[in-house]
Amino acid sequence: MYIKISNVSKTYLDKGREFTALSEVNLEIAKGEFICLLGPSGCGKSTLLNAIAGFDPPTRGEILIDGVKVVKPSRRNVTIFQNYGLLPWRNVLRNVELALESRRDIPAAERRARAQRYLDLVGLRDFADRAPHQLSGGMQQRVAIARALCAEPEIIFMDEPLGALDALTRMKLQDDIRELQRSQNKTVIFVTHDIEEAVYLADRVVVMTPNPGKVSRILPVELGPGRDRASQDFFRMKEKILEVFNLREKYNIEYAI
Ligand SMILES: Nc1ncnc2c1ncn2[C@@H]1O[C@H](COP(=O)(O)OP(=O)(O)OP(=O)(O)O)[C@@H](O)[C@H]1O
Ligand SMILES: [Mg+2]
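Residues numbered from 1 in each chain as written. Chains lettered and ligands numbered in written order. Predicted model: local features only at pLDDT ≥ 70, side-chain atom pairs only at ≥ 80, totals over all residues. Heavy atoms only, no water.

A. Structural detail: the overall build of the protein. When its secondary structure is counted, the protein shows eight helices and 10 strands. Expected size for 257 residues packed as a compact globule is a radius of gyration near 18 Å; at 19 Å, the protein falls within 12% of this value. If one aligns the C-alpha atoms of the protein with their principal axes, the spans along those axes are about 55 × 50 × 35 Å. Counting only contacts in the protein whose residues sit at least 6 apart along the sequence, the fraction spanning at least 24 positions is 67%. Looking at the protein as shown, the accessible area adds up to about 12700 Å², and 49% of this sits on carbon and sulfur atoms. (Helix = DSSP H or I, 4+ residues; strand = E, 2+ residues; numbered from the N terminus. Rg over C-alpha atoms; globule rule 2.2 N^0.38 Å. Contact = heavy atoms within 4.5 Å. Areas by Shrake-Rupley, 256 points an atom, 1.4 Å probe, with all protein chains shown as cover.)

B. Seen up close, the packing of helix α4 (residues 137-150) against helix α5 (residues 167-184). In contact at an axis separation of 11 Å, α4 and α5 are set at 15° when each is read in the N-to-C sense. As far as their axial angle goes, α5 and α4 are roughly parallel. Between α4 and α5 lies a crossing whose hand is right-handed. When α4 is examined against α5, the residues Gly138, Gln141, Arg142, Ile145 and Leu149 are found in contact with a partner set consisting of Thr169, Leu173, Asp176, Ile177, Leu180 and Gln184. Here the contact of α4 with α5 is composed, by residue class, of five nonpolar, four polar and two charged. (Axes fitted to C-alpha atoms, helices over the stretch in contact; angles between N-to-C directions. Parallel < 35°, antiparallel > 145°, perpendicular 65-115°, else oblique. Left-handed = near helix turned anticlockwise from the far one by under 90°. Nonpolar A, V, L, I, M, F, W, Y, C, P; charged D, E, K, R; others polar.)

C. Expanded view of the domain arrangement of the protein. Along its sequence, the protein is organised into domain 1 (1-76 + 162-257) and domain 2 (85-152). One C-alpha centre belongs to domain 1, the other to domain 2, and the line joining them spans 27 Å. At the junction of the two partners, domain 1 supplies 10 residues and domain 2 supplies 12 residues. One can count zero residue pairs in polar contact (both at pLDDT 80 or more) joining domain 1 with domain 2. Broken down by class, the residue content of the side of domain 1 that touches domain 2 amounts to five nonpolar, two polar and three charged. (Domains from an automatic or database assignment. Polar contact = N/O pair within 3.5 Å; in protein donor to acceptor, adjacent residues only side chain to side chain.)

D. Spatial organisation of the environment of Lys4. Relative to the helices and strands, Lys4 resides in strand β1 (residues 3-14). For Lys4, a relative accessible area of 33% puts it in the partly exposed group. Measuring from C-alpha to C-alpha, the distance between Lys4 and Leu64 comes to 5.1 Å, with 60 residues separating the pair along the chain. Only 3.4 Å separates the side chain of Lys4 from the side chain of Glu28, close enough to count as a polar contact. (Buried < 20%, exposed > 50% of the residue type's maximum accessible area, 1.4 Å probe, protein only.)

E. Representation of α4. Taking 1.5 Å of rise per residue, the 14 residues of α4 would be expected to cover 20 Å, and the 20 Å separating its terminal C-alpha atoms lies within 8% of that figure. Among the 14 residues in α4, 13 count as buried, and that is most of the element. Phi turns positive one or two residues past the end of α4, at Glu152, with a value near 50°. (Expected span 1.5 Å × (residues − 1).)

F. Layout of the side chain of Lys10. Within the fold, Lys10 resides in strand β1. Once you skip the residues sitting within four places of it in the chain, Lys10 turns out to touch Phe19, Thr20, Ala21, Leu22, Thr47, Asp56, Pro57, Pro58 and Thr59.

G. Quick look at the nonpolar core. Ranked by size, the top nonpolar core spans 54 residues in total, and within it Leu119, Phe190, Val205 and Ile241 carry the most contacts. With eight residues, α4 is the largest single contributor of residues to this core. Looking at which domains feed residues into this core, each of domain 1 (1-76 + 162-257) and domain 2 (85-152) gives three or more. Among residues more than four places away in sequence, those in contact with Val205 are Cys36, Leu38, Ala198, Arg217, Ile218, Leu219, Val221 and Ile241. Within the second largest apolar cluster, 26 residues are counted, among which are Ile29, Cys43, Leu48 and Val206. (Core = buried A, V, L, I, M, F, W, Y, C linked by side-chain atoms within 4.5 Å.)

H. Highlighting the side chain of Arg111. Mapped onto the secondary structure, Arg111 falls in helix α3 (residues 108-121). Buried within the structure, Arg111 lacks any salt-bridge partner; its nearest side chain of opposite charge belongs to Glu97, at an N-O separation of 5.2 Å. For Arg111, the contacting residues outside a window of four places in its chain are Glu97, Leu100, Arg103, Arg104 and Ile106. (Lys, Arg positive; Asp, Glu negative; His and termini not counted. Salt bridge = Lys/Arg side-chain N within 4 Å of Asp/Glu carboxyl O.)

Okay, here's the thing in structure tokens:
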């Protein structure tokens, strides 16, 4: 298995008391899979993501990527955060190039050409000279995505990357992300607390619940690539997830058809 998470727990020391943020997580992820970590605030989504990405190792258990234990972040993986992380004093193209700056093995002209190529890919060719603050939030997020892809990573970690965007921009970027992931066969681990987003994007949804943070269920989404948010199958999948949170009765989801 490409990514293997075995018995992972994370405890934080909070004012002298131990707090269990993640309890006994087991999860296996295949290469090329799109995984959504879904759950309410505080259930340990970021904690789990940061452990897999190597930023903050687990207290117990083990994470292997391609058979190698994760102990620190790797250049083979990138993380996209909610706040885009663009450098305000650099123009768009130079922000994308940042991904390759440590790669002295790649000649400068090629680094620039590659950055340009990924800007094209996210539809921002004409904005290369702009400063980040001259772009909308959605465009800034696309710059962050171009920068992540430019590093040509094997795995992309995304921690609620679309949370700050309006609903329409969000839907457009969901399509873009899924399209890029499919065409490049990347492995994506995407954190969200939005059930619809998870059902729209994921091959499998990892449903997490808090106190302590744990994986409650792992649900495959058998809806194929062209997903219709208004279809009966889509609703049924959302309902299945609400059931895990025991919210089905409360929201009494009706089938659309
Ligand atoms: N450095 C820390 N020290 C102590 N407690 C922490 C620390 N980081 C996270 N926690 C706690 O661990 C739990 C899980 O946090 P985490 O950030 O993983 O949740 P999350 O699911 O990503 O939530 P959100 O959706 O709000 O981002 C929370 O209760 C949080 O308060
Ligand atoms: Mg979080």
